[in-house]
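# Observations on chain architecture
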Number of protein chains: 2
Amino acid sequence: MTAIPVLDRLPPRRKSEPCCASLAAPALSAQKSDLLANRLKAAGDPTRLRMLDLLAQQPEPICVCDLTPQFPQNQPTISHHLKLLRDAGLIETEKRGIWSYYWATDEGKSLLSAVKPFA
Amino acid sequence: MTAIPVLDRLPPRRKSEPCCASLAAPALSAQKSDLLANRLKAAGDPTRLRMLDLLAQQPEPICVCDLTPQFPQNQPTISHHLKLLRDAGLIETEKRGIWSYYWATDEGKSLLSAVKPFA
DNA sequence: CATATACATCGATGATCGTCAATGGGTTCG
DNA sequence: CGAACCCATTGACGATCATCGATGTATATG
């Protein structure tokens, strides 16, 4: 259910009485909303969201060789999405031998769980 | 701070011992992650995020004529972003006379506040 | 009815994005 | 050393996106 618009309690406006109201200031600074928008954009792709969810679900870091077969895309595409998630600070990576391991950061895990109720 | 990878407690892997692990199942269904990704994408643009924030901050619906001057973009662009936020269910609109009023839905408000700590 | 205003829609344009084949760097194994 | 393997990077291509001028649709005013 959505908020009941206060509008219903107001008389219809005439052109002669201007619509202009005083606006409450935004809570987010331009800088903060840029940062936040960036993180939401990183998570705002179905493939990347599923990746983050999968990684957040694991008790241990996961090898790319195990991650890749979970998705229909090819290896370079997987690698590309992992990089975007990493740039946004939602996942982290470490190389061990010939394998690369990925895991969700605390930031990534808590963003995901904050947002899951909206799925 | 990010999670300490369990990796550090494991010996380096050899090629002969395969990396493959059993993966915990993802928590989000494909369908749910599609829906959620869509909402995050709608909020994952700096202009739209600032719009949502501004609207969520107001005690009353806001006229487009008051909203538009808050942003550097032109009127058709503002209208376009408002439509995307509306399609995602984050804001709602109502026309009254010659003016269009917008307000943040409950969904939009709670998504925004769930996500604000990550700004 | 004619004019003016508010704002949604359309069409075009340049930028960004998702995708993949090809390639390269780094590691392991024989 | 040379072959095999993992995976990141590059370059290209089509799709989607943000943006804006032009236009359309209501509504209000005189």
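Reference entry: report on the structure contained in this document. Treat the numbers as computed from the prediction; the structure is a model and nothing was measured.

About the criteria used
- Residues numbered from 1 in each chain as written.
- Chains lettered and ligands numbered in written order.
- Predicted model: local features only at pLDDT ≥ 70, side-chain atom pairs only at ≥ 80, totals over all residues.
- Heavy atoms only, no water.
- Helix = DSSP H or I, 4+ residues; strand = E, 2+ residues; numbered from the N terminus.
- Contact = heavy atoms within 4.5 Å.
- Areas by Shrake-Rupley, 256 points an atom, 1.4 Å probe, with all protein chains shown as cover.
- Near = heavy atom within 4 Å.
- Polar contact = N/O pair within 3.5 Å; in protein donor to acceptor, adjacent residues only side chain to side chain.
- Nonpolar A, V, L, I, M, F, W, Y, C, P; charged D, E, K, R; others polar.

Let us now look at the overall build of chain A. When helices and strands are counted, chain A shows 5 helices and 3 strands. Secondary structure elements of chain A, listed N to C terminal, follow the sequence α-α-β-α-α-β-β-α. A fraction of 52% describes how many contacts in chain A between residues 6 or more apart in sequence connect residues 24 or more apart. Accessible surface computed for chain A: about 6,300 Å², of which carbon and sulfur atoms make up 52%.

For DNA strand C, the set of nearby residues contains 27 residues, the closest of which are A:Asn74, A:His81, B:Gln75, B:Ser79 and B:Tyr102. Looking at DNA strand C alone, sugar and phosphate atoms form 74% of those within 4 Å of the protein. A:Arg48 is positioned with one of its side-chain polar atoms (N or O) 3.0 Å from a phosphate oxygen of DNA strand C. With respect to DNA strand C, the side chain of A:Gln73 contributes an N or O atom lying 3.0 Å from a phosphate oxygen. Every element with two or more residues in the surface near DNA strand C is listed here: α4 (75-87) of chain A together with α3 (64-67), α4 (75-87) and β3 (99-104) of chain B. Classifying every residue of the surface near DNA strand C by side-chain character gives 10 nonpolar, 10 polar and 7 charged.

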